[in-house]
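The primary structure of each chain is shown beneath.
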Amino acid sequence: MDENITLPPNIEDIPPPGLALVEELDKLLLVQLRDGRKIIGTLRSFDQFANLVLSDSKERIIVAEQYAEIPLGLHVVRGENVVLLGELDAAREPPPGLQLVSEAAIKQAQRAEREADKLKGTLRSRFFDFLDDI
Amino acid sequence: MLFYSYFKTLVGKEVTVELKNNLAITGTLHSVDQYLNIKLNNIRVVDERKYPHMLSVRACFVRGSVVRYVQLPPGSVDVELLHDATRREARGG
């Protein structure tokens, strides 16, 4: 066990929080947002809250084995919405086993998936209602 | 500051970070800061098939505010040491 933890921290030794993103500047990143969206872009700037500036960004939508990319251009992301920043491995890009489709096709697939989820939800709640009744 | 110091002692160890959206990522702890933002290398996602977008990600930065749990390697907590450090911090360093 490291003894660092017992030492009173020296204020000059502590880097300001949020600085770890310096290493990611000008790299192509995948940013996952709190609402589940994934944005791919080049990190141009950031601050201690993980507010981000992404250039040439695009949203990547994956449904089952298909994916599509929707160009978004320059984006500023408010830090509170950031879940995770992933460094993309060029060797595994585009993601293996996924098939690129058009924006219209992916939107349709997304709608179909949402409908299926809703149906599953209704069936489940009906089943529980039924259990409550007996 | 206590947990920041504690996490710093875990750098280089393998941890599993579970996020508030249920995504769980295992990787080598690369760095941590005062907000408990975490950087992981050589990551693998626990339920990979459910999160296909993570397939092409090898290293990642996780914002501290979205972390639910950090699963630690066994034997990485020296309770006595943490006790002492806690008391010292409670006394105001």
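Structure: above.
Residues numbered from 1 in each chain as written. Chains lettered and ligands numbered in written order. Predicted model: local features only at pLDDT ≥ 70, side-chain atom pairs only at ≥ 80, totals over all residues. Heavy atoms only, no water.

1. Some details on the overall build of chain B
We count it as follows: Helix and strand assignments come from DSSP, with helices taken as H or I runs of at least 4 residues and strands as E runs of at least 2, each series counted from the N terminus. We call a residue buried when its accessible area falls under 20% of the maximum for its residue type, exposed when it is over 50%, and partly exposed in between, using a 1.4 Å probe and counting protein chains only. The contact criterion used throughout is that any non-hydrogen atoms of two residues lie within 4.5 Å. Accessibility throughout is a Shrake-Rupley quantity obtained with a 1.4 Å probe, and a residue counts as covered only by protein chains that appear here. Within this scheme the basic residues Lys and Arg register as positive and the acidic residues Asp and Glu register as negative, but His and the chain ends are omitted. Taken as the charge location is NZ of Lys, CZ of Arg, CG of Asp or CD of Glu.
Assigned secondary structure in chain B consists of two helices and five strands. Along the chain direction, N to C, the helices and strands of chain B fall in the order α-β-β-β-β-β-α. Seen along its three principal axes, the alpha-carbon backbone of chain B occupies a region of about 50 × 25 × 20 Å. Taken over 93 residues, chain B has a buried fraction of 49%. Across chain B, the fraction of contacts at a sequence separation of at least 24, relative to all contacts at a separation of at least 6, is 46%. Carbon together with sulfur atoms contributes 50% to the accessible area of chain B, which is approximately 4800 Å² in total. Here chain B contributes 13 positive and 9 negative side-chain charges, whose respective centroids are spaced 5 Å apart.

2. Some words on unusual backbone geometry
The omega torsion across Glu93 of chain A and Pro94 of chain A is -5°, close enough to zero to call that bond cis. Mapping Pro94 of chain A onto the fold places it in the loop between β5 (82-88) and β6 (99-100). Positive phi is not limited to glycine here, since Asn42 of chain B has a value of about 50°. Tracing the sequence through the fold places Asn42 of chain B in strand β3 (residues 38-45).

3. Describing helix α2 (residues 79-90) of chain B
Residues and elements named next belong to chain B. The condition is simple: A helix is expected to span 1.5 Å multiplied by its residue count minus one. Any N or O atom pair separated by 3.5 Å or less is treated as a polar contact, with the protein-specific requirement of one donor-capable and one acceptor-capable atom, and with residues adjacent in sequence counted only for side-chain atom pairs.
Compared with an ideal rise of 1.5 Å per residue, which puts twelve residues at 16 Å, α2 spans 16 Å between its outermost C-alpha atoms and is within 8% of the ideal. Its buried side turned inward, α2 meets α1 (2-8). Its side-chain oxygen placed 3.3 Å from the backbone nitrogen of Glu80, Asp78 serves as the N-cap of α2. A positive backbone phi angle near 95° is found at Gly92, which sits one or two residues after α2.

4. A closer look at a nonpolar patch on the surface
Condition: For patch building, the residue pool is restricted to those with more than 30% relative accessible area and no salt bridge; the joining distance is 9 Å between like charges and 5 Å between nonpolar side chains (Val, Leu, Ile, Met, Phe, Trp, Tyr). For this document, the term salt bridge refers to a Lys or Arg side-chain nitrogen within 4 Å of an Asp or Glu carboxyl oxygen.
On the surface, Phe127, Phe128, Phe130, Leu131 and Ile134 of chain A cluster together into a nonpolar patch covering about 550 Å² of accessible area. By relative accessible area, which is 43% here, Phe128 of chain A ends up partly exposed.

5. Quick notes on the packing of aromatic side chains
Residues and elements named next belong to chain B. So the rule is basically this: Here a Phe, Tyr or Trp ring, Trp counted by its six-membered ring, pairs with any other such ring whose centre lies within 6.5 Å, and the pair is stacked when the planes are under 30 degrees apart, edge-to-face when over 60, and tilted otherwise.
Per the stated rule, a full pass over the model turns up two aromatic pairs over all chains. Between Tyr6 and Phe7, the ring centres sit 5.8 Å apart and the planes meet at 55°, which makes this aromatic pair tilted. For the pair shown, Tyr6 and Phe7 are each scored as buried.

6. A closer look at the pattern of salt bridges
Working definition: two side chains of opposite charge can pair if their charged atoms are close together. Scanning the entire structure with this criterion turns up 14 salt bridges over all chains. The salt bridge involving Lys107 of chain A is made with Glu103 of chain A; its shortest N-O contact spans 3.6 Å. Separated by four residues within a single helix, Lys107 of chain A and Glu103 of chain A lie in helix α1 (residues 103-133), roughly one turn from each other. For Lys107 of chain A, a relative accessible area of 34% translates into the label partly exposed. For Glu103 of chain A, a relative accessible area of 38% corresponds to the partly exposed category. Residues Asp84 of chain B and Arg87 of chain B are paired through a salt bridge, measuring 3.7 Å at the closest nitrogen-oxygen approach. With Asp84 of chain B and Arg87 of chain B both in helix α2 and three residues apart, this pair spans about one turn of that helix. Salt bridges linked by common partners bring Lys58, Arg60, Glu69 and Glu93 of chain A together as one network.

None of the figures reported here should be taken as evidence of function without further support.
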